[in-house]
Amino acid sequence: MPKNVRSRKEKSAALPYVALMIVAFVLLTIFVHNTFNFFDYMQHGRGWSRTPFQMDDSGQVVKYAEPEAAIAGVHPGDRILSLDGQDYTSLQQMQNVLAATAPGSPLHLRIQHQNNTFANVSIPLVALQNRSPNAAVWTSVGFLRVVFPLLCLVLGFWAVLAKPNDRNAWFLLGIFAFFTVLFEPFGSQPTHLVWVEAIAMFGRAFLAPIAFACIMLFGLYFPERTLTDRRAPWLKWIILVPLAILLVLDLIHIYHRNFGFQGLHFLSSLTDAVHLTESILMGACIPVFFTGIISNLHTAETADTRRRLRVLRTGSAIGLGGLLLLFVLSLIHGGMIEQVLPLWLVFIILAIPLLFPVTLAYVVVVQRAMDLSILVRQGTKYAFARGTLWVLQFLLVAIVTFRIARLMHKPHVTQVDILLILVLGLMFLALRFRVAGSVSNWLDKKFFREAYSAEQILSQLAEQARGFTETKPLLDTITHSIGETLHIDRIGVLLRAGNTFRLQQAIGLDTTDHPVILQDNSSTIRHLHRSNVPATLYEDEQDGWLLLANEAERRTLRQLSAELLLPLHGRKELVGIMALGPKRSEEPYSNTDLQLLQTVAMQAGLAIENAQLMNTLASEAARRERMNREIEIAREVQERLFPQSLPEISGAVCAGFCRPAQGVGGDYYDFLVLDSGRIGVAVGDVSGKGISAALLMASLRASLRGITLYGSSDLAIVMRNINRLVYDSSASNRYATFFFGEYDPESRILTYVNAGHNEPIVVRPIPSADNGTTTAPCRENCEVLRLADGGPVVGMLPETSYICGSLRLHPGDVLLAYTDGISEAMNKEDEEWGEERMIEAACACLPLSASLILEHIFNAADAFTQGAAQHDDMTLAVLKLSD
């Protein structure tokens, strides 16, 4: 990626966080200013002077006069000209004068009455509050002006941090910011930090229209743009553009009203119209908000979207209604409703508006919304049940504290008093550390069985999964346990089958329409293999991997009703996935659920892999057993193909033996009794080893016997016919080296054809020059004759020709026809025995019989290899003429 492109992307990604830092600085400054104002007023309000009159929008004319001002001669409509001898120029000047003047001191004014007469008046200032606030006032007002705004800010920042690129989250923050300036400060006690005062002042004017605009936009864009806004996007600007213009005018008006009246003249005639129009536009944002929510509710495509919108509609109606009620009561009772209403009613009234921001945050940030009826029912039950425990603990602490306080003022403390305090303390400890835990578990089991049993059952299930050695019982146990624990009606398990994942276990799924299959290269499988963590599937908020899924993959996920996919990982690869449908309660899967299910999935994946390995080993053992049996049968059959009895030959004796390297092999030897008393000697070596080579060897044997017993006596023609038959009956990469000879006992002539085979040798003893007898057997006293005439291997080419060779044998001659497994036998150092060593071994035993010569050569080869593994079939045919 080019460096400049990467830089732009990094800046784009950082932009929301930079904006959030700026907004957070402003909002927290306003909140801190209001909080200090609250605590300062509650602690020192009796020392603050009350403003004796309220000014109109110009800041110069009295709009309402308090009793002390009316007595001094100040009436609505009077214009303030000076304060304590100084020309009156701004509201900030009045706040500074009031902050510096203690209650009871006079405030000197020069005023102009409506009849254009002038007067100097002195107003004795009255304290802002006439008595110290009690605990009820501290609690209710603190909740209203500190706790409630703080909760709103936390919810707003939480929404943006959770989804910094979601415009709905920013709309939420704009709405929640309004609650930090919901009420005006108590009095005029400016700080030494002018910029803090400025931010707080302008923030109160700026955030209100911004919040109402965000409410309207949220209704138009959550969870997606309404149909009306898509068709006529310009409609919302009818409200937004005038609201922005009026906001600018309002900010200019506030600046001149508070810091200098001289620039306010051109706005004086417009102030009332500006405020009225601004209020109408802000009020219009609320019905647009509800219109957008209701419109999207009718066009919502998924159940989760409908649930979110129903929760939002109900919570917003109740919350905004409570907010309206709070405004009305504040206006009626001068903003101090806690002084005229019962405390419990005050808390209810204060809690109702909180439902609005909580509802907004819930539907945006929470992954899956519960149905409204379930949310209300479970939340109410749980709150009352839990609340009972909290109330009991609070009452016990209050009683113990009260008893101890009374004892401190009691002249005589009795043992009964001490015993009572000890009993109450023990009751509290028992309730707090023993009973509360048991009752909490009972409540969880009663109202939220998942919260009570899920962790315990799923943890046990993860342990049990290790003990299974078969896949089917393992899947049955896991799916039923998870379904019963988390109240899930639809579960499917797909296991790897080659390059696909196929459904192996299903609960509550209809899979008759299409086979449930996911390809190994599908987006779902790639994501689960790469991440190895559970993946949630919500149609409203699709992750990138789900957006890349094709239609077949999406159809499979819909068949599974999947809301959560658990990867079942083995040691090296993904062995399967478990698809979990929605809970009966329609609750989203919590972080605890995901952690527990991931543990179960990890153990289940290893157990499935072990079970499959056990099945594979068992199948492999059974297959090997069958193969060994088949090889044994093949070996027995092949042994039957070798000569079962040796022919009697006039003036000669024969012997032969084949030792396969793998039970069965491709070597072949044979002795055939032909017409006119001739004897056929055959040795062959089929390419390859094992069963396939043995089958071709059997075909070669059948071809040889069929042709030689009933065909031509010309060995060249015989070999050509054998080549054709082997070529037609074998694969293109199969061939055989083959030697066949015919020995005539009467003439002692050996006629042969060598088709690419190791050249058979005739070992002939050399008679002594003195008496014509042979000397002691040794290599120097033997003549070696090689039988090479013939042609290419059989089965390689469809047509080929061969030539015959012949040799007259002498008494005492030994014919050795062998395969390369004899001459190329290797020891552990990979050294070959070689043909020369074989000839030496043959020369050393020439006087012996044919069978003993064969045995001696095999023993010599085995002695050389010293127990090394036999790598090829070893075959030897011996024909010895009598001396």
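Residues numbered from 1 in each chain as written. Predicted model: local features only at pLDDT ≥ 70, side-chain atom pairs only at ≥ 80, totals over all residues. Heavy atoms only, no water.

1. Some details on the overall build of the chain
Right, so step 1: Each helix and strand in the chain was counted, giving 25 helices and 23 strands.
Right, so step 2: The burial tally for the chain puts 47% of its 883 residues in the buried class.
Right, so step 3: Residue pairs in contact within the chain that sit at least 24 positions apart in sequence constitute 71% of those at least 6 positions apart.
Right, so step 4: When the accessible area of the chain is evaluated, it comes to approximately 43800 Å², of which 59% is carbon and sulfur surface. (Helix = DSSP H or I, 4+ residues; strand = E, 2+ residues; numbered from the N terminus. Buried < 20%, exposed > 50% of the residue type's maximum accessible area, 1.4 Å probe, protein only. Contact = heavy atoms within 4.5 Å. Areas by Shrake-Rupley, 256 points an atom, 1.4 Å probe, with all protein chains shown as cover.)

2. Things to note about a nonpolar patch on the surface
Right, so step 1: Side chains of Trp 234, Leu 235, Trp 237, Ile 238, Val 241 and Ile 245 sit close together on the surface and give an oily, nonpolar patch of about 620 Å² of accessible area.
Right, so step 2: Its relative accessible area of 35% is what places Leu 235 among the partly exposed residues. (Patch = residues over 30% accessible without salt bridge, like charges linked within 9 Å, V, L, I, M, F, W, Y side chains within 5 Å. Salt bridge = Lys/Arg side-chain N within 4 Å of Asp/Glu carboxyl O.)

3. Overview of helix α5 (residues 167–177)
Right, so step 1: With nine of eleven residues buried, α5 is to be regarded as a mostly interior element.
Right, so step 2: Within the span of α5, buried status applies to Asn 168, Ala 169, Phe 171, Leu 172, Leu 173, Gly 174, Ile 175, Phe 176 and Ala 177.
Right, so step 3: The backbone nitrogen of Asn 168 has a side-chain oxygen 3.0 Å away, supplied by the residue at the start of α5, namely Asp 166. (Polar contact = N/O pair within 3.5 Å; in protein donor to acceptor, adjacent residues only side chain to side chain.)

4. Notes on unusual backbone geometry
Right, so step 1: Despite not being glycine, Asn 116 shows a phi value in the positive range, around 70°.
Right, so step 2: For Asn 116, a relative accessible area of 52% puts it in the exposed group.
Right, so step 3: Backbone geometry at Arg 748 places phi at a positive 60°, although glycine is not the residue there.
Right, so step 4: When you line up the elements, Arg 748 lands in the loop between β16 (736–744) and β17 (749–755).
Right, so step 5: By relative accessible area, Arg 748 is classed as partly exposed at 34%.

5. Focus: the sheet that holds strand β4 (residues 86–87)
Right, so step 1: The antiparallel open sheet is built from four strands, whose spatial order is β4-β3-β5-β6. This sheet does not close on itself; its edge strands, each paired only once, are β4 and β6 (118–124). (Pairing = 2+ DSSP bridges.)

6. Some thoughts on the sheet that holds strand β12 (residues 574–580)
Right, so step 1: Pairing within the open sheet is antiparallel, and its six strands lie in the order β9-β8-β7-β12-β11-β10. In this open sheet, the two strands that pair with only one neighbour each are β9 (517–519) and β10 (535–536).

7. Focus: the packing of aromatic side chains
Right, so step 1: Taken as a whole, this structure holds nine aromatic pairs when the rule is applied.
Right, so step 2: Pairing Phe 218 with Phe 222 gives two aromatic rings, centres 5.0 Å apart and planes at 10°, and the pair type is stacked. Just as Phe 218 is buried, Phe 222 falls in that class too.
Right, so step 3: Centre to centre, the rings of Phe 642 and Tyr 669 are 5.1 Å apart; their planes meet at 15°, and the pair counts as stacked. On the criterion of sequence distance, the pair formed by Phe 642 in the loop between α20 (591–641) and β13 (652–659) and Tyr 669 in strand β14 (residues 667–673) is long-range, its members being 27 residues apart.
Right, so step 4: By relative accessible area, Tyr 669 is classed as buried at 6%.
Right, so step 5: Chaining the aromatic ring pairs together yields one cluster made of Phe 642, Tyr 669 and Phe 671. (Phe/Tyr/Trp six-rings, centres within 6.5 Å; stacked < 30°, edge-to-face > 60°.)

8. A closer look at the packing of helix α16 (residues 471–486) against α20
Right, so step 1: In contact at an axis separation of 9 Å, α16 and α20 are set at 165° when each is read in the N-to-C sense. In terms of their interaxial angle, α16 and α20 are classed as roughly antiparallel. Between α16 and α20 lies a crossing of left-handed hand. In this structure, α16 uses Thr 471, Leu 474, Leu 475, Ile 478, Ile 482 and Leu 486 to contact α20, whose residues at the interface are Asp 593, Leu 597, Val 600, Ala 604, Ala 607, Ile 608, Ala 611, Gln 612 and Asn 615.
Right, so step 2: The class makeup of the residues in the contact of α16 with α20 is eleven nonpolar, three polar and one charged. (Axes fitted to C-alpha atoms, helices over the stretch in contact; angles between N-to-C directions. Parallel < 35°, antiparallel > 145°, perpendicular 65-115°, else oblique. Left-handed = near helix turned anticlockwise from the far one by under 90°. Nonpolar A, V, L, I, M, F, W, Y, C, P; charged D, E, K, R; others polar.)

9. Some thoughts on the environment of Arg 571
Right, so step 1: Considering the arrangement of structural elements, one finds Arg 571 in the loop between β11 (564–569) and β12.
Right, so step 2: A C-alpha to C-alpha distance of 9.8 Å links Arg 571 and Asn 610, two positions 39 residues apart in sequence.
Right, so step 3: Those residues in contact with Arg 571 that lie beyond four places of it in its chain are Leu 606, Glu 609 and Asn 610.

10. Details of the environment of Asp 229
Right, so step 1: Residue position: Asp 229 is located in helix α7 (residues 227–231).
Right, so step 2: For the pair formed by Asp 229 and Gly 292, sequence separation is 63 residues and the distance between their alpha carbons is 8.8 Å.
Right, so step 3: Excluding its chain neighbours within four sequence positions, the residues that come into contact with Asp 229 are Leu 220, Tyr 221 and Lys 236.
Right, so step 4: Separated by 2.9 Å, the side chains of Asp 229 and Lys 236 make a polar contact.

11. Overview of the pairing of β14
Working note: regular strand, side chains alternate between the two faces of the sheet.
Right, so step 1: By the criterion of burial, β14 is predominantly enclosed, with six of the seven residues buried.
Right, so step 2: Summarising the sheet, β14 and strand β15 (residues 679–686) pair through seven bridges and their orientation is antiparallel. Its bridge partner lying in β15, Tyr 668 is registered against Gly 684.
Right, so step 3: Following β14, the chain reverses through five residues before pairing antiparallel with β15; Ser 676 in that reversal takes a positive phi of roughly 60°.

12. Digging into the environment of Ala 213
Right, so step 1: Looking at the secondary structure, you find Ala 213 in helix α6 (residues 194–221).
Right, so step 2: We classify Ala 213 as buried; its relative accessible area is 10%.
Right, so step 3: Along the chain, Ala 213 and Met 282 lie 69 residues apart, while their C-alpha atoms are 7.2 Å from each other.

13. Observations regarding the nonpolar core
Right, so step 1: Of all hydrophobic cores here, the largest spans 57 residues; its most connected members are Ile 175 and Phe 218.
Right, so step 2: When contributions to this core are tallied by element, the ones reaching two or more residues are α1 (3–44), α4 (135–162), α5, α6, α8 (237–259), α10 (271–299) and α11 (303–332).
Right, so step 3: By size, the runner-up hydrophobic cluster in this structure holds 49 residues, among which are Phe 671, Ala 716, Leu 785 and Val 794. (Core = buried A, V, L, I, M, F, W, Y, C linked by side-chain atoms within 4.5 Å.)

14. Observations regarding the packing of helix α24 (residues 835–843) against helix α25 (residues 850–865)
Right, so step 1: Two numbers describe how α24 lies on α25: the axes approach to 9 Å, and their chain directions differ by 135°. By the angle class used here, α24 and α25 are oblique. Note that α24 runs across α25; the crossing there is right-handed. Judged by residue contacts, Arg 837, Met 838, Ala 841 and Ala 842 of α24 engage His 856, Ile 857, Ala 860 and Phe 864 from α25.

15. Things to note about the side chain of Asp 873
Right, so step 1: Residue placement: Asp 873 occurs in the loop between α25 and β23 (874–881).
Right, so step 2: The buried category is assigned to Asp 873, whose relative accessible area is 1%.
Right, so step 3: Looking at Asp 873, its side chain comes within polar contact range of the main-chain nitrogen of Ala 661, at 2.7 Å.
Right, so step 4: There is a polar contact of 2.8 Å between the side chain of Asp 873 and the backbone nitrogen of Gly 666.

16. Things to note about the pattern of salt bridges
Right, so step 1: All told, the structure shown has 15 salt bridges when counted by the stated rule.
Right, so step 2: Among the salt bridges present, the one from Arg 50 reaches Glu 68, with a minimum N-O distance of 2.7 Å. Here the residue Arg 50 occupies a position in the loop between α1 and β1 (53–55), and Glu 68 occupies one in helix α2 (residues 67–72), the gap between them amounting to 18 residues.
Right, so step 3: Look at Arg 50 and you get partly exposed, because its relative accessible area is 24%.
Right, so step 4: The buried category is assigned to Glu 68, whose relative accessible area is 8%.
Right, so step 5: Members of the salt-bridge network, linked through shared partners, are Arg 50, Glu 66 and Glu 68.

17. Some thoughts on the confidence of the model for the chain
Right, so step 1: Of the residues in the chain, 75% reach a pLDDT of 70 or more, and the chain-wide mean stands at 77.
Right, so step 2: For residues 771–776, every residue scores under 50 in pLDDT, and the model assigns this stretch eleven contacts once sequence neighbours within four places are set aside. (pLDDT = per-residue confidence, 0-100.)

18. Some points on the pairing of strand β18 (residues 761–765)
Right, so step 1: By the criterion of burial, β18 is predominantly enclosed, with four of the five residues buried.
Right, so step 2: Two elements, β18 and strand β19 (residues 782–786), share five bridges in a ladder whose sense is antiparallel. Note that in β19 the partner of Ile 761 across the bridge is Arg 786.

19. Things to note about the state of the cysteines
Right, so step 1: Counted according to the given criterion, the structure contains zero disulfides.
Right, so step 2: Cys 285 provides the cysteine sulfur closest to Cys 214, a residue in no disulfide bond, and the two sulfurs are 9.5 Å apart.
Right, so step 3: Since its relative accessible area comes to 11%, Cys 214 is described here as buried. (Disulfide = S-S within 2.5 Å.)

20. Some details on the side chain of Glu 66
Right, so step 1: Mapped onto the fold, Glu 66 is located in the loop between β2 (62–65) and α2.
Right, so step 2: If sequence neighbours within four positions are ignored, Glu 66 has contacts with Arg 50, Thr 51, Pro 52 and Phe 53.

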